Amino acid sequence: MPPHFLQAMHEAGRTAADEPTKFALDRIQFRGDSGTIVASDSRQALVQSGFRFPFAGDLTVPAVPVFAAKELLGEARIGKTRSHLVVAAGDWTVWLALDPDARFPDVEPLVPKAPSGRVEFGEGDVRDLLARGDAGRRGKSEAERAVTLDLREGRVVLRERSQDDRVVETPLGDARYSGPPVTLALHRSHLERMLKLGFRRLDVAGPNKPVVARDGDRTYLAMVVEASAVVPDVKEPDPVADERQQPAPRPPAAENAAVNPEPNPRAERADEERLDPL
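Residues numbered from 1 in each chain as written. Predicted model: local features only at pLDDT ≥ 70, side-chain atom pairs only at ≥ 80, totals over all residues. Heavy atoms only, no water.

A. Summary view of the overall build of the chain. Counting its regular elements, the chain contains five helices and 16 strands. Going through the 278 residues of the chain one by one, you find that 41% of them count as buried. Sequence separation of 24 or more characterises 64% of the internal contacts of the chain that already satisfy a separation of 6 or more. (Helix = DSSP H or I, 4+ residues; strand = E, 2+ residues; numbered from the N terminus. Buried < 20%, exposed > 50% of the residue type's maximum accessible area, 1.4 Å probe, protein only. Contact = heavy atoms within 4.5 Å.)

B. How the structure looks around helix α3 (residues 188-196). Among the nine residues that make up α3, seven are buried, leaving the element largely enclosed by the rest of the structure. Within α3 the residues assigned to the buried category are Arg188, His190, Leu191, Glu192, Arg193, Met194 and Leu195. Where α3 terminates, the next one or two residues include Gly198, which has phi positive at roughly 100°.

C. Structural view of the pairing of strand β1 (residues 27-31). For β1, a buried count of four out of five residues is recorded, marking the element as mostly surrounded by other parts of the structure. Of the pairings in the sheet, the one linking β1 to strand β4 (residues 58-62) comprises five bridges and is antiparallel in character. Along β4, the bridge assignment pairs Arg31 with Asp58. Here β1 runs beside strand β2 (residues 36-40); their pairing, made up of three bridges, is antiparallel. Bridge pairing in β2 places Arg31 opposite Thr36. Connecting β1 to the next strand, β2, in antiparallel fashion are four residues, including Gly35 with a positive phi near 65°. (Pairing = 2+ DSSP bridges.)

D. Inspection of the pattern of salt bridges at higher detail. Summed over the entire model, instances satisfying the criterion amount to 17 salt bridges. The partner of Glu160 in a salt bridge is Arg188, with the nearest N and O atoms 2.8 Å apart. With a gap of 28 residues between them, Glu160 in strand β10 (residues 155-161) and Arg188 in helix α3 connect regions that are remote in the sequence. Residue Glu160 shares its accessibility class with Arg188, and that shared class is buried. Through salt bridges with shared partners, a single network forms among Asp150, Arg152, Arg159 and Glu169. (Salt bridge = Lys/Arg side-chain N within 4 Å of Asp/Glu carboxyl O.)

E. Layout of the nonpolar core. Ranked by size, the top nonpolar core spans 28 residues in total, and within it Phe121, Met194 and Leu202 carry the most contacts. Residue assignment for this core shows that the elements contributing at least two residues are α2 (123-132), β9 (146-152), β10, β13 (182-187), α3, β14 (201-204), β15 (211-215) and β16 (218-222). Those residues in contact with Met194 that lie beyond four places of it in its chain are Phe121, Phe199, Leu202, Ala213 and Tyr220. Phe5, Ile28, Leu72 and Leu85 belong to the second largest nonpolar core, which has 24 residues in total. (Core = buried A, V, L, I, M, F, W, Y, C linked by side-chain atoms within 4.5 Å.)

Function cannot be read off these values alone, since they describe shape.
Written out as structure tokens, the structure reads:
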């Protein structure tokens, strides 16, 4: 197997889900006919191809976190028995039980066929984004941990909310976008994962379509977050923030009781005395 096979297995395992759902998303799929390794957790997917496997058909095996171990040195070898997929490297051999009854989703039809725009990230922005991480960002829900990409021809702006609910806007000076204007929200961990994997081009098909990064024999797919997670431009009205900042209504002012003063009998008698010549 090629030198990057063990790294491909490691990244596939990191992409798989921790627990199964109605699909076997805690598994990895090997496609013998196309030489492809596929993994997904339903929110992201990684498709790695270009391999030559010594078997035909599709195999599904557990995703195990061992393939980044330093003990697995040297050229990897792969084989198949009736019940296991076998991976050997150095003095170690990993036996992965086959799961012939597993239901694994077909990921590739989810990849948009005709993206309308493309983002190209510069190395300076990548270093800044990965160094900053999500420190100081608010919340733990998917929407609160999302980042907004505001894409206009020739420019890319990243927005998110801080812990004190301020809008933090970061123009990515080294990034470029070509295509129609679009604003979408991504989970921050997916954006960071894409960049750490070495992808620098992100294809966009619209605010509600998955985004796709491609690089040679690898494809990374990430679902967008719901539209309510999009952080609006600080120059545009934010109805959610405006409602939170609206001052409490004040009680109506009391009427001025001096508008119709009570008559003063002593003043009236004094006026009569001054006006009566007799």
